[in-house]
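Tertiary structure, described
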Amino acid sequence: MSRKKIAIIGGGQIGGVLTQLIAQKQLGDVVLFDIVQDMPQGKTLDIAEAARVDLFDVNIKGTNDYQDISGADIIIITAGLPRKPGMSRDDLLTTNAQIMKTVAENIKKFAPNSIAIIISNPLDAMVTLFTKVTGFPTNRVVGQAGILDSSRFATFIAWELGVSVKDINALVLGGHGDTMVPIVRYANVNGIPVMELLEKKYNDKTKAKEVMTALVERTKQAGGEVVKLLKTGSAFYSPSSSAIAMTEAIIYDEKRVLPVCAYLNGEYGVKGYFVGVPAVLGANGVEKIIEFALNEEEQSLLNNSVNAVKSLVVDMERLGF
Ligand code: APR
């Protein structure tokens, strides 16, 4: 089996961690593209020089020339500005839409058969714009958000219950913004409902609910919590790990069921928008949207989140994209 070619557009914080993880896991050869002269070349040289220690032998190349991404199987897009303290993801719209437009035009030209994983924010709008510019079929465009949001939710639950995060299943749906929808009803520890364990812990249903509400709120604000502490950028380790899980699912045709930003064609009552939902990821990208019954409250929260995505897309179109 020949090695896959993975191109990363944007060699900043996320681009660098992605490159290192791909090399360490030997997922494929990497091309790291950035517009900043020499920087991607420097980063890839640094990472490549750890090959003897980490024992990987994939090829890693830094570049400022889009030609080098030719024939890539997978493209991971991280290009764009990250948030500063006090900014919402949506505040990045104008700048990052301009960047995404150029990136998408070049991917259309040089890697027209690739599967694109998008990380740049505001995520739901960037995925929409990328698809519009490239004309890629929607199974080959997917956004990274839900895996990270779900992992954050799982982490906070694990800390609260004092159990291993490995045994937590927690799902977050909706847009990648403040309206995201952590699904409390199905959060479980190896099948045992988290709410039941919280009620046991506190011996008080109201207190258990309050604790869960705090976990949900922290999940929704988790990206901002990191931005506030970092002061000079946004989260980059956990978004990178999340995009790697998606890359592995595609490369190894794993058919994993992962929450991702995918195109909906009527599922969950949404038509024509990219929204975070569980989907099967395999060799063909987004192979299937997994639909499950939401209760009235969950559906109304999801509708609210979808409305936020729609208004972001409308804003972007008003800006001429
Ligand atoms: N083409 C390619 N790369 C670009 C372009 C462009 N037109 N414009 C900017 N870049 C590069 C920058 O030079 C920088 O190296 O994108 C990189 C972004 O890196 P960081 O600023 O370190 O941001 P990072 O933390 O990696 O986040 C990237 O992901 O999570 C989102 O909100 C985040 O939108 C942001 C993106």
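Residues numbered from 1 in each chain as written. Predicted model: local features only at pLDDT ≥ 70, side-chain atom pairs only at ≥ 80, totals over all residues. Heavy atoms only, no water.

Around the ligand there are 22 residues in total, and Gln 13, Ile 14, Asp 34, Thr 78 and Asn 121 lie nearest to it. Gly 80 is positioned such that a nitrogen or oxygen atom in its backbone is 3.4 Å from an oxygen atom of the ligand. Surface burial for the ligand is 87%, taken as the share of its 730 Å² of free accessible area covered by protein chains. Elements that contribute at least two residues to the shell around the ligand include exactly helix H1 (13–24) and helix H4 (93–110). Considering only residue class, the shell around the ligand consists of 11 nonpolar, 10 polar and one charged. (Near = heavy atom within 4 Å. Polar contact = N/O pair within 3.5 Å; in protein donor to acceptor, adjacent residues only side chain to side chain. Areas by Shrake-Rupley, 256 points an atom, 1.4 Å probe, with all protein chains shown as cover. Helix = DSSP H or I, 4+ residues; strand = E, 2+ residues; numbered from the N terminus. Nonpolar A, V, L, I, M, F, W, Y, C, P; charged D, E, K, R; others polar.)

In this section: unusual backbone geometry. Following Asn 121, the chain continues to Pro 122 via a peptide bond in cis, the omega torsion being -5°. Mapping Pro 122 onto the fold places it in the loop between strand E5 (115–118) and helix H5 (123–134). Of note, Asn 203 is a non-glycine position whose phi angle comes to about 50°, a positive value. Here Asn 203 shows up in the loop between helix H7 (194–202) and helix H8 (205–220). Looking at Asn 203, the relative accessible area reads 71%, which means it is exposed. (Buried < 20%, exposed > 50% of the residue type's maximum accessible area, 1.4 Å probe, protein only.)

Bringing the nonpolar core into the picture now. Counting residues in each nonpolar core, the largest one holds 48 residues, and the members touching the most others are Leu 18, Ile 22, Ile 76, Ile 117, Val 260, Leu 281 and Ile 289. Each of domain 1 (5–144) and domain 2 (145–321) contributes no fewer than three residues to this core. Membership of the second largest hydrophobic core comes to 35 residues, among which are Tyr 66, Leu 93, Ala 145 and Phe 321. (Core = buried A, V, L, I, M, F, W, Y, C linked by side-chain atoms within 4.5 Å. Domains from an automatic or database assignment.)

This next bit is on the packing of aromatic side chains. Summed over the entire model, instances satisfying the criterion amount to seven aromatic pairs. Aromatic pair Phe 130 and Phe 136: ring centres 5.5 Å apart, planes at 90°, arrangement edge-to-face. Here the two residues Phe 130 and Phe 136 agree in accessibility, since each one is buried. Among the aromatic residues, those joined into a ring-pair cluster are Tyr 186, Tyr 268 and Phe 292. (Phe/Tyr/Trp six-rings, centres within 6.5 Å; stacked < 30°, edge-to-face > 60°.)

This paragraph deals with the environment of Ala 125. Examined against the element boundaries, Ala 125 turns out to sit in helix H5. With 149 residues separating them along the chain, Ala 125 and Phe 274 place their C-alpha atoms 8.2 Å apart. In this view, Ala 125 contacts Leu 93, Leu 312 and Met 316; residues no more than four positions away in its chain are not counted. (Contact = heavy atoms within 4.5 Å.)

To continue, consider the sheet that holds strand E9 (residues 192–193). Adjacent strands of a sheet form backbone hydrogen bonds with each other and so pair up, either parallel or antiparallel. Here three strands make up an open sheet; going across it, the order is E7-E8-E9 and the pairing antiparallel. Two strands in the sheet have a free side with no partner beyond their single neighbour: strand E7 (168–173) and E9. For E7 and strand E8 (residues 181–189), the ladder comprises five bridges, and the chain directions are antiparallel. Along E8, the bridge assignment pairs Val 172 with Pro 182. Along the sheet, helix H6 (residues 146–161) makes contact with E7 and E8, crossing E7 at roughly 135°. On the sheet, helix H11 (residues 296–318) packs against E7 and E8 and is oriented at approximately 135° with respect to E8. (Pairing = 2+ DSSP bridges. Axes fitted to C-alpha atoms, helices over the stretch in contact; angles between N-to-C directions.)

This paragraph deals with the packing of H1 against helix H10 (residues 237–251). Contact pair H1 / H10: the axes reach a minimum separation of 9 Å and the direction vectors enclose 45°. As summarised for this structure, H1 and H10 are arranged oblique, according to the angle between their axes. For the crossing formed where H1 meets H10, the hand is right-handed. Packed against H1, whose contacting residues are Ile 14, Val 17, Leu 18, Leu 21 and Ile 22, the element H10 presents Tyr 237, Pro 239, Ser 240, Ser 241, Ala 243 and Ile 244 at the interface. (Parallel < 35°, antiparallel > 145°, perpendicular 65-115°, else oblique. Left-handed = near helix turned anticlockwise from the far one by under 90°.)

On to the domain arrangement of the protein chain, then. The domain architecture assigned to the protein chain consists of domain 1 (5–144) and domain 2 (145–321). The centre of domain 1, based on its C-alpha atoms, is set 22 Å off from the matching centre of domain 2. Contacts between the two partners involve 43 residues from domain 1, matched on the other side by 46 residues from domain 2. Surface buried jointly by domain 1 and domain 2 totals about 3800 Å² across both partners, of which 71% is contributed by carbon and sulfur atoms. Linking domain 1 to domain 2 there are one salt bridge. One salt bridge in this structure joins Glu 248 and Lys 25, with 3.4 Å as the shortest N-O distance. On the surface where domain 1 and domain 2 come into contact, there are eight residue pairs in polar contact (both at pLDDT 80 or more). Broken down by secondary-structure element, the contributors of at least two residues to the side of domain 1 that touches domain 2 are H1, strand E4 (74–77), H4, E5, H5 and strand E6 (141–143). Per-element accounting of the side of domain 1 that touches domain 2 gives the leading share, nine residues, to H5. For the side of domain 1 that touches domain 2, the per-class residue count stands at 24 nonpolar, 11 polar and eight charged. (Buried area = accessible area lost by both parts, 1.4 Å probe. Salt bridge = Lys/Arg side-chain N within 4 Å of Asp/Glu carboxyl O.)

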